[in-house]
Each structure stands twice: as structure tokens, then as C-alpha cells.
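Each chain, letter by letter, is given below.
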Amino acid sequence: MPIAFSVHNYAEEQREYCKKIKKIYEDLFKVQSPVAYVKTYGCQQNVSDSEKYKGMLSEMGFNISENCENANVILFNTCAIRENAENKVFGNIGRIKFLKKKNPNMIVILCGCMTQQQSICEKLKSTYSFIDIVFGTHEAHKFPEIIYNFLNSRELKSPKKYVFLNQDSIFEGAPLKRSSKIKAFVSVMSGCNNFCSYCIVPYVRGRERSREPENIVRECKSLIDSGYKDITLLGQNVNSYGKNLDHNINFPGLLKKLDSFEGEYKLRFMTSHPKDATHELFDTIAKSQHISHHIHLPVQCGSNKVLEKMNRKYTKESYLDIINYARKKIPDVSFTSDIIVGFPGEAYEDFLETVDLIKKVRFSSLFTFIFSPRLGTPAYDLKDEISKEEKTKWLLKLLKVQEKISEEIRSEMVGQKERVLAETYCEDQKYLMCRTDGSIIVKVPSERNFSGEFLDAQIIDHSRESLLGKLI
Ligand code: 5AD
Ligand code: SF4
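Cut-offs used in this document
Residues numbered from 1 in each chain as written. Chains lettered and ligands numbered in written order. Predicted model: local features only at pLDDT ≥ 70, side-chain atom pairs only at ≥ 80, totals over all residues. Heavy atoms only, no water. 1 Å grid on protein atoms, 1.4 Å probe; cavity = no way out; pocket = protein on both sides within 12 Å on 5 of 7 lines; lining within 4 Å. Points joined across faces, edges and corners; volume = space filled by probe spheres on them. Helix = DSSP H or I, 4+ residues; strand = E, 2+ residues; numbered from the N terminus. Nonpolar A, V, L, I, M, F, W, Y, C, P; charged D, E, K, R; others polar. Domains from an automatic or database assignment. Pairing = 2+ DSSP bridges. Axes fitted to C-alpha atoms, helices over the stretch in contact; angles between N-to-C directions. Contact = heavy atoms within 4.5 Å. Salt bridge = Lys/Arg side-chain N within 4 Å of Asp/Glu carboxyl O. Buried < 20%, exposed > 50% of the residue type's maximum accessible area, 1.4 Å probe, protein only.

Enquirer: Could you give an account of empty space enclosed by the protein, with specific residues and numbers?
Expert: Overall, the coordinates contain one cavity of 30 Å³ or more when judged by the stated rule. If you add up the space inside the largest cavity, you get close to 50 Å³. What lines the largest cavity is Asp 230, Lys 266, Arg 268, Arg 419, Val 420, Leu 421, Arg 435, Thr 436, Asp 437 and Phe 454. Taken together, the elements giving at least two residues each to the lining of the largest cavity come down to strand 13 (266-270) and strand 17 (417-426). A breakdown of the residues in the lining of the largest cavity according to their chemical character gives three nonpolar, one polar and six charged. Both domain 2 (178-412) and domain 3 (417-471) contribute no fewer than three residues apiece to the lining of the largest cavity.

The structure is reproduced here in C-alpha cells:
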């Protein structure tokens, strides 16, 4: 029986608050063009959420600036995935304190995954009392209302708003201020039900909930019609798309719908959980016109003992089976992955199994992390005997092995023809920054700016991080 989540429609609920806020700035504060600064930490989901905050701020009459110095509103959209992500946020908000002193009318707002944790909110209240508004991930749809209520309560002695609700919902119809005219993120679902033992995400983002397919189809179609060429579908585990919906639709079914539009465009998705990456998914990609042959499939570790403690629900062998199946169906498929080094109880022999796995799979690149204990997750309480120094040595060893593999993959591409998307143009040095289907950057000298176009390029050389190509 699917669980029903409430759907908040921005147009119906929040537009009036935007108009009122605009009026307050114009009539009461005598500010005709207020400025907002938005700083985003963490994953693509947060980048996508920030595009919504920027869109809503624009509707409230704010100009979005890259500079926080003269901003009327400063918003930090935070990340809680690892301790260093949180420390970055604390460091940066500390620096805002002096701006707030200079301009007491400035509104400082914190939102995102960090603020969904009680312990962090306590710390914010006690140590960072100059922050005006704090709200969690489930309140995004009420953003204009939160600002309006704050502005209205400003005259009161303690106007601080700590909004801390835990109601999972779906947010539709937010105005989006996208950061690119070529590449777009489209959120297809939120939340996660997997509870990997190290991960804070299910606690701060709530349970899995999917958007209605027709809303996603409409959004993607309109992006393609307006010239977008590269769409990344976002979700913590896109492979479980559809599970809470009444319709009989799963992720491959959604992909088929989105693959059916006219014209040249690329469809990507992230993130996929290996336990839910089905044969149907790879069969769909193999038959599709537009779906990228690059798949991000986080394996986290190569040791079955550690994978079990991580609650990942697959083994090294079953992961390799998936890779082999995909390679049989899609011969030019490329994989990237996430690895956590130094999970509690991981022995050097376990780590060596990870090294062995990455040699077997030959990922084109890896995102590597040292385990970071997150309060409230099961792994937080596990005994961890390996020192940070030792874990760093393991990580460096892993990176060295991966660097060699990535370099080999790039060198094997020399001489090949690649269909690339020109993303940006460097006017001074006359070259295009392009991306292959496998998400590898290719620098292509060109007298003309072809940004936003697909081009054929011959790969002529490779460097540490990218490829060099020439237009055909
Ligand atoms: N410590 C280290 N890395 C983590 N990740 C998630 N939680 C933690 C943690 N507590 C990594 C995983 C995940 C990626 C987004 O972040 O590899 O796939
Ligand atoms: Fe975290 Fe695991 Fe969910 Fe990914 S699948 S968000 S690692 S709990």
C-alpha cells in the first residue's frame, strides 16, 4: 500500500507572501532592489534546492548576488553528510557575524540538512545567536511564509524562528532560478529508506517520496523545448522511484517516458543504489536514444564483512555481477563510484578488498571519503580502532591506484571520436570546455563559441584530469 505524502503547491500557497515581502521592502524599508546571497554546500540535491530558494527570493523582489557584503538576506543551504562539511559551514557563518554587526537589518538564514538535527540547532542557538532564521529540509515549500513571519515579528524582543518540523512532503511548482542554460537538475524524488549505517541522510531528508511522473515529464519537456541539453535526474536512490505512487511506474518506466522527446539531449541520473539496479534498468539504457552510458553506482567498500556492517544489502560478488551485466548490454558503459575508507571495524585486509574491487571494475573516477561518525546513526557508536593517520594512508594508496586506472582510461580514448557537449567557452584562450557522455572533460580549441551545442571531437591527447580534442 503506497504511503501518501502531502503535496505543497507553491503557486497556491506562497505567492501572496512574496508579494507582501516585496511591498514591505519597498514601502517600509524603502529598499527598491534588495539583494540576496545564497551559499550552497554539499550535493546536487542541495544545488537543486538552492535554485528553488533563488527563484523564490527573485519573486520576493531580491536580486541574487555572488557577493555577500551588501546583501539584505544571506542564506546558507547546509550539508551534514560529513563532519568537515559542517565545520565549513560553522567557519563561514562565523565570518558573517561582522557583516551582521555592520548591518543589523541583514537577515541571516540557515537551512538544509544540518538544521534538521536537534544537536546542531542547540549549538546554533547558544553560539551563533546572530542567525535570524533556521529551518529544516521539510520547510522549503514555506520559505516565503517564514521570511514574511520573521519580518512581521521583527519588532518583538525575540524574533528568532527555529522551525523544526518533521513532516515529509513533496514540493511542486517552485519558481526556479537555474544556474545554467545548458545543464539542469530535475529532482524526481526526495528522502531515503535505506538507512546505511554510516549515513545521516534518512534522518535529515526523511522517507522516500516520488514526484508524480507527469510533473517530471512536463518539467523535462519544457527544459528541452527551451534549449537545455543535459538533464540530470536527482534522488537519493533513483532506482526506487515510484514506490510510493499509486501508478504502476518504476524508474526504468520513467526513463522511457523521458527518452521519448525529439531532438538531441542527454539524460543522466544520480544516485543509484546497487541493490536496486535491475537488469531492466540496464536494458532500458541499452535501448535508449538519450540516456547517458555513464552510471554513478556507489559501492562504498569491497569487503563483504564491511558491506554487511554498512547495511548495504549487496556483496562484492553481486556488485560485480551488475557491472558485468551492464557491460554485456552496453559495451561502452562507464562507471564512477563513492568509497568510504576506514569504516569502524574495517581491517587492512578489508581495505585491500576495496583496492581489488576497484582494479576489477576500473571506474573512470572515484569520490573517496574517510568515514566520518554522524551522531544518531548506528555506526556512530561502533568501536573504531584505526587512527585517522592510518586511514589517510589507506586513502592515499587507494587514490594512487585509481589515478593510474583513470589515466589509462583517458589514454585509451586518444584517437577516438567522441560526441561532446560544449559547456563553456574561454574567450581569451579560444577553447571550449566540453563533456563526453562519460562525463570526462575535453578541452577543444575553437575560434567560435559553440556553448550549448553537441559537437564531434577527435581526442588527440590526455592530461592528469582531462582530455584534449579537436573539432572534426
Ligand atoms: N562518512 C563518510 N562518507 C560518507 N558518505 C555518506 N555518509 C558518510 C559518512 N558518515 C559518503 C558515501 C555516499 C556519499 C554521498 O557520501 O560514500 O555515497
Ligand atoms: Fe545514505 Fe545509503 Fe540513503 Fe545513500 S542509500 S542516502 S548512502 S542511507
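There's plenty left to go through after this.
Enquirer: I'd like to hear about the sheet that holds strand 12 (residues 230-234), residue by residue, with values.
Expert: Pairing is parallel in the open sheet, where three strands are placed in the order 9-12-13. Lying at the two open borders of the sheet, with one neighbouring strand each, are strand 9 (183-187) and strand 13. Between one strand and the next, the sheet's axes are offset by a mean angle of 25°, whatever the strand orientation. Where strand 12 and strand 13 come together, five bridges link them in parallel fashion. When the bridges of strand 13 are listed, Asp 230 appears paired with Lys 266. In this fold helix 3 (residues 44-59) packs onto strand 9, strand 12 and strand 13, with an angle of close to 95° to the strand it touches most, strand 9. Packed on one face of the sheet, helix 9 (residues 251-258) meets strand 12 and strand 13 and runs near 160° to strand 13.

Enquirer: Quick rundown of the pattern of salt bridges? Include the residues and the values.
Expert: Where charged atoms from two side chains of opposite charge approach closely, those side chains can pair. In total, this model carries 33 salt bridges according to the counting rule given. Between Arg 178 and Glu 51 there is a salt bridge; the shortest N-O distance is 3.7 Å. With a gap of 127 residues between them, Arg 178 in the loop between strand 8 (169-172) and strand 9 and Glu 51 in helix 3 connect regions that are remote in the sequence. The two residues Arg 178 and Glu 51 agree in class, both being buried. One salt bridge in this structure joins Glu 403 and Arg 464, with 3.6 Å as the shortest N-O distance. Highlighted residues: Glu 403 in helix 14 (residues 388-413) and Arg 464 in the loop between strand 20 (454-462) and strand 21 (467-471), separated in sequence by 61 residues. Residue classification places Arg 464 among the exposed positions, given a relative accessible area of 60%. The network of salt bridges with common partners includes Glu 51, Glu 172, Arg 178, Arg 211 and Glu 219.

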